[in-house]
Amino acid sequence: MRNPAGRSNATFAGSTLSRPDGSLRLAKPLLTFRNQRNIWLSQQSCCGQDPRTLRCDGSTEMGISTPRLRILRVDWRSSATRDFIALFGGVVLTSLLAHFYGLGPRLAQLGKRYVDPILDDTIFIVFVAFLLSIGLTIFSVRRYRELARGTDAQTITEGEVRDSARHDPLTAFPNRRLFDDTLDVYVGLATDTHQVAILMLGLDGLKRIKDTHGHAAVDKALCEFATRLADILPKDGLLARIEGDEFGIVLPNISSLEEPADLARRVVVSAADSLVIETGAAELSLGIGIAIAPLDGVTPHELVRRAERALYRAQGDGGSRVRFFEPDMDMHVERRINIERELRSAIATNIIEPHYQPVVSLASNRIVGFEALARWENKTTGHIPPDVFIPIAEETGLINALGDQLFRRACLDATAWPKTVSLAFNISPVQLRDSALGERIISVLEQTGFSPRRLEIEITESAFVERSGAAKSVIDALRLAGVRIALDDFGTGYATLSQLLSFRLDKIKIDRSFVSHLHDSTDCRVIVRAIIGLAEGLGLMTAAEGVECERQLAYLVSNGCTEGQGYLFSGPVPATSIPALLNREASRGPVTEDGARNPNA
């Protein structure tokens, strides 16, 4: 297989040092052990560091008592020393031979007709100088060749260092730096007929792999996924790992939008295959956002930003999706930024308040509790639904502050209810990652005087999968204090029956997606009946969400569902409307198996 990064496999010993101009050079080890008696220190220091503070491994904090350790002896193995010895010995030997054989006088005699005898000594000196110049010439050539080799090695090393700085150390593919540099070149050449496509890929599922198999499995999954991408990448394309779970692809010359769309579909198909890791198999899903130059932007920064916005929209759609950038995505992101800013202000001023939807006992047709639901009325934009601002609160880390604030207000409101009426409160998986959550809940209960036995905490199945250990410790602490635990939206997540058994639950809530289709879907009726049967077998209560008509109610009652919740009974109301709602419900009788209400019961 070809080396996807195109990197050299050569390695070089020694460390790299920075010059003042920012370039790099190869440095010899600062300390070299020759024998047990002698330590040699080169005249080169590392980044201006005092050699007296160096350790034997080249790091710091080795004290040397002498003011400065210098070269004490000649290194006989060095090339310069050998050249000097050969040159000096040659000159001395030549001089001795010339003097022993009387070479000077003989040459003078041969040229006595043309040269004065007094020049005998001068000729000898000239001869020696001639030999010395030859030796110096040889010495200079050898030193030049050695310096040239050193310069070549330094150039290769600097290139290797630059190459390392532009590639991801895990996958060996280009990193964000090389991606930006290459994109800058390609975008500068983009025209209406020579378009450039940018694909931003965001992986989903790495956290689940980490929690289940560990960090090594995540690294292996990333490497295998990157290799798959390289196999389907066009020859002129560039693949880069931008950051942890995000990859980028540049297609420098496309003739139609079908080319990046086709590549994106192949990537999705490739990611759908299970990844083989040491501890088993893992599955990933991903979102892909695509932007085209110059249609969606003429600068690299603008194109990447819009491709990431398309990626954000694709990931928001769920599953493995591909989205091209559209102008309304900018409006969507701007709206999200505004909501986040307003949300921080709303939490600081305690504007978001709980409303309460009644939970009705289907056997007695009486309100037995209320579920607290967050409601936000913004002064400028009006009502903002919870499914809009709750995910933003989770992503920005505001969910803990918002949850604590709403829970305190709900407990204060619930203290005015009858002692037989309970309070149900939702906890998100993000909140369950905080090991101090249980302590804060119990502290609020003590401060407000609300009984833990009247509180019911609702969690979702994703809490089992994402971080079952932390969630279990929080839940165990709450149960020990007397708080009941309900599993919300059962059947819509990834929880297994073994995980269900590992958590001590009191109630299972049937998701509204099943209840709303009871009258037109045989599958939904089978699923609801199975959930009710499972809960009965485990000794748990059941509550059906989204009950909106008498036919749904009749099916639930006939199959033994314990409680119901929905607009058939009442929608969420503010705390001030609860007394009237309780008075109205007090006069209503139980529901029979055919769904009819018995006012005389």
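So, here is what we can say about the structure in this document. (Residues numbered from 1 in each chain as written. Predicted model: local features only at pLDDT ≥ 70, side-chain atom pairs only at ≥ 80, totals over all residues. Heavy atoms only, no water.)

1. Some words on the pairing of strand β16 (residues 455-460)
Of all 6 residues in β16, 5 are buried; the element is thus mostly enclosed. Two strands pair when backbone bridges link them, and strand β15 (residues 422-426) and β16 are joined in this way by 4 bridges, in the parallel orientation. Looking at the pairing, N426 lines up with E458 of β16. Sheet analysis places β16 next to strand β17 (residues 484-490), joined by 5 bridges and oriented parallel. Along β17, the bridge assignment pairs I457 with I485. (Buried < 20%, exposed > 50% of the residue type's maximum accessible area, 1.4 Å probe, protein only. Helix = DSSP H or I, 4+ residues; strand = E, 2+ residues; numbered from the N terminus. Pairing = 2+ DSSP bridges.)

2. Describing the sheet that holds strand β7 (residues 246-254)
Remark on secondary structure: sheet strands pair via backbone hydrogen bonds, oriented parallel or antiparallel. Reading across the sheet, the 5 strands line up as β6-β7-β5-β10-β11 and stay open at both edges, with mixed pairing between neighbours. This sheet does not close on itself; its edge strands, each paired only once, are β6 (238-243) and β11 (321-324). Within the sheet, the average angular offset between the axes of one strand and its neighbour, ignoring direction, is 20°. Judged from the 9 bridges that link them, strand β5 (residues 195-204) and strand β10 (residues 285-293) form a sheet pairing that is antiparallel. (Axes fitted to C-alpha atoms, helices over the stretch in contact; angles between N-to-C directions.)

3. Details of the environment of A363
For A363, the position within the fold is in the loop between β12 (353-361) and β13 (366-378). What makes A363 exposed here is its relative accessible area of 62%. When the C-alpha positions of A363 and T562 are compared, they lie 7.1 Å apart, and in sequence the two are 199 residues distant.

4. A closer look at the pairing of strand β19 (residues 541-545)
Most of β19 sits inside the fold, with 4 of its 5 residues counted as buried. Direction of pairing for strand β18 (residues 507-510) relative to β19: parallel, over a ladder of 4 bridges. Counted as the bridge partner of K509 is A543 from β19. Both β19 and strand β20 (residues 563-565) contribute to a ladder of 3 bridges, which runs parallel. Each bridged residue has a counterpart across the sheet, and for A543 the counterpart in β20 is E563. A crossover links β19 with its parallel partner β20, the connecting element being helix α18 (residues 550-558), and its sense is right-handed. (Right-handed = clockwise from strand over helix to strand, strands pointing away.)

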